[in-house]
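One letter stands for each residue in the lines below.
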Amino acid sequence: MREVTLVGGGLAGALLALMLARKGLRVTVYERRADVRVDQIEEGRSINLALSARGIHALSLVGLDAEVLARAIPMRGRFIHPVSGPCSLIPYGRKPDEVIHSVSRRGLNAQLLDALAREPGVAVHFQHRCTGYHLRTRTLTIRDEAAGREFTAEAPVVIGTDGAASAVRLSLMQSTRMNYSQEYLEHGYKELTIPPAADGSFRMEPNALHVWPRGGFMMIALPNPDRSFTCTLFLPFHGSPGFDALATPGDVAAFFGAAFPDAVPLLTELEDEFFRNPTGGLVTVRCAPWHHGGRVLLLGDAAHAIVPFFGQGMNCAFEDCEVLLGLFDQYGGNWDEVFPRFFAERKPNADAIAQLALDNFVEMRDTSADPHFALKRRLEHLLEERYPGQFVSKYAMVSFHRFPYREALERGRVQDRILMDVCSRANSLAEIDVEATFARLRAGS
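Report on the accompanying structure. Given the structure is predicted, the values throughout are model-derived calculations rather than measurements.

### Overview of the overall build of the protein chain
Scanning the protein chain from N- to C-terminus turns up 14 helices and 19 strands. Whereas a compact globule of 445 residues would reach a radius of gyration of roughly 22 Å, the protein chain reaches 23 Å, a difference of no more than 12%. Along the first, second and third principal axes, the C-alpha atoms of the protein chain reach 65 × 55 × 40 Å. A buried classification covers 54% of the 445 residues belonging to the protein chain. Long-range pairs, those at least 24 residues apart, make up 69% of the contacts in the protein chain between residues at least 6 apart in sequence. Taken as a whole, the protein chain presents about 18600 Å² of accessible surface, with 50% of it coming from carbon and sulfur. Here the protein chain carries 48 positive and 53 negative side-chain charges, and the mean point of each set is 4 Å from the other.

What follows is the structure in structure tokens.
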């Protein structure tokens, strides 16, 4: 039986281990954290994520899509909260099934681990931290955190699914000619909670992703199955406003009262949570190559961590697993063929979704409150209805279909330029010549 070792048993690692085990491989997984099915989730990590078409398709390959979606909450669009005035819903799609799904990170990881536990030939070691990979000897150095001991494990084939701070990637950087860059946003994030109402109901519209766009910063909220919302404040580390200016409970209360007045009554433990919860950073990681021959490969965030503003980090990593599995089948499990081809196929798409996510941050915090943006989204839906199969919006290409990310980026840039130009000159769809707009889109001018 062929063997493969995965470093990292989070979402991508657990899914990939499951896929490979079902191909008859003996799989060993080393995960630095405790078992999420037993211990509480690590503080500071996002507790819910947006699952869309790519992730759903990958889960369907292991028969888990229906089970996961049964515990998810569909979100139909962005629910925009202005500083004053009425809120509005900007739908993501024009069809009832064009939604994204709020899922629990911990719950999804537990579902994957439960499925993995039923597979023969799989060993998952929790609280086992990889401290190094040795390319010459093909061994891993592992620290058993619970026992307080370190040991060496043979690993002829290693796949690093150990996240943005990957130990496998660091070892490759030290022993091979790998290019690497990381780019932090000037913004950090802080997670807060809107609890359920006294009667156990949601305090806001549950089937939406709530956005408080404020130009330069924003807050979002995603629904949870317990009828709470997880809110995330995205704010610069420095400046005014900035995290470093919010030093006292009074500072926090004044800032939220001015910036998010409708949210303040809902954030019942605002000051306590603000100072108790960590402030996280937002980083984009790029590196090349992701592999060394057929011995070691990076996948998911270890290869291409992105910021969360298109909701594609998990979906992209799950698509990585699907592509790797397809190449495994195509090349008969020959890793010397599979790893380089995987890198060649996925690297341009990973770079593209990294840029799309950065672009979407600006759109969410700055543009989504603009009436012309809402008009643009309605025009996109009308074009999709009138020209089915000929026009697909950038958002739909990424979230509802599985167009290559690189194609979505290139086509999306043309669309955004033309549609915003058209919508900036109109106040309603009735004022727009839809046929002429479609002709401009076809011509790309």
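### A closer look at the sheet that holds strand β17 (residues 279-288)
The 7 strands lie next to each other as β6-β5-β14-β15-β16-β13-β17, forming an open sheet whose pairing is mixed. Lying at the two open borders of the sheet, with one neighbouring strand each, are β6 (88-91) and β17. Adjacent strand axes in the sheet meet at a mean angle of 30 degrees, parallel and antiparallel pairs treated alike. Sheet analysis places strand β15 (residues 218-223) next to strand β16 (residues 229-236), joined by 6 bridges and oriented antiparallel. Bridge pairing in β16 links methionine 219 to leucine 233. Together, β5 (77-80), β13 (179-194), β14 (209-213), β15, β16 and β17 form the strand contacts of helix α10 (residues 335-367), whose direction differs from that of β17 by roughly 150 degrees. The strands touched by helix α11 (residues 371-386) within the sheet are β5 and β6, with β6 carrying the most contacts at an inclination of about 35 degrees.

### Quick look at the packing of α10 against helix α13 (residues 405-423)
At a minimum axis distance of 7 Å, the contact between α10 and α13 shows a crossing angle of 45 degrees. One way to sum up the angle between α10 and α13 is to call them oblique. As for how α10 packs across α13, the hand of that crossing is left-handed. Listed contacts from α13 to Arg346, Pro348, Asn349, Ala352, Ile353, Gln355, Leu356 and Asp359 of α10 are Tyr405, Arg406, Ala408, Leu409 and Arg413. Looking at side-chain class alone, the contact of α10 with α13 contains 7 nonpolar, 2 polar and 4 charged residues.

### A closer look at the environment of glycine 281
Summarising the element assignment, glycine 281 is placed in strand β17. With 163 residues separating them along the chain, glycine 281 and arginine 118 place their C-alpha atoms 36 Å apart. If we ignore the near neighbours within four places in the chain, the residues touching glycine 281 are Tyr189 and Phe237.

### Side note on helix α14 (residues 434-443)
Those residues of α14 that sit buried are Val434, Thr437, Phe438 and Leu441. One side of α14 holds all its buried residues, which, seen down the axis, span an arc of 100 degrees. Away from its buried face by more than 90 degrees, α14 exposes Glu435, Arg442 and Ala443. In this structure, the buried residues of α14 make contact with α11 and α13.

### Describing the pattern of salt bridges
Tallied over the full model, the rule gives 26 salt bridges. One salt bridge in this structure joins lysine 23 and aspartate 329, with 3.0 Å as the shortest N-O distance. Here aspartate 329 lies in helix α9 (residues 313-330) and lysine 23 lies in the loop between α1 (11-21) and β2 (26-31), a separation of 306 residues in the sequence. One salt bridge connects aspartate 351 with lysine 347, and the closest N-O pair in it is separated by 3.1 Å.

### Structural notes on the pairing of strand β1 (residues 3-7)
Side chains on a regular strand alternate between the two faces of the sheet. Counting buried positions along β1 gives 4 out of 5 residues, so the element sits mostly inside the fold. Tracing the backbone out of β1, into α1 and back to the parallel element β2 gives a crossover that is right-handed. Relative to strand β12 (residues 158-160), β1 runs parallel, the two being bridged by 3 bridges. Residue valine 7 lies in a different strand from β12, and its bridge partner there is glycine 160.

### Thoughts on the state of the cysteines
Tallying each qualifying case throughout the model produces 0 disulfides. Its sulfur unpaired, cysteine 316 is 10 Å from the next cysteine sulfur, which belongs to cysteine 321. Overall, cysteine 316 belongs to the buried group, its relative accessible area being 2%. Its relative accessible area of 0% is what places cysteine 321 among the buried residues.

Definitions and limits used
Residues numbered from 1 in each chain as written. Predicted model: local features only at pLDDT ≥ 70, side-chain atom pairs only at ≥ 80, totals over all residues. Heavy atoms only, no water. Helix = DSSP H or I, 4+ residues; strand = E, 2+ residues; numbered from the N terminus. Rg over C-alpha atoms; globule rule 2.2 N^0.38 Å. Buried < 20%, exposed > 50% of the residue type's maximum accessible area, 1.4 Å probe, protein only. Contact = heavy atoms within 4.5 Å. Areas by Shrake-Rupley, 256 points an atom, 1.4 Å probe, with all protein chains shown as cover. Lys, Arg positive; Asp, Glu negative; His and termini not counted. Charge placed at Lys NZ, Arg CZ, Asp CG, Glu CD. Pairing = 2+ DSSP bridges. Axes fitted to C-alpha atoms, helices over the stretch in contact; angles between N-to-C directions. Parallel < 35°, antiparallel > 145°, perpendicular 65-115°, else oblique. Left-handed = near helix turned anticlockwise from the far one by under 90°. Nonpolar A, V, L, I, M, F, W, Y, C, P; charged D, E, K, R; others polar. Arc of directions from axis to C-beta. Salt bridge = Lys/Arg side-chain N within 4 Å of Asp/Glu carboxyl O. Right-handed = clockwise from strand over helix to strand, strands pointing away. Disulfide = S-S within 2.5 Å.

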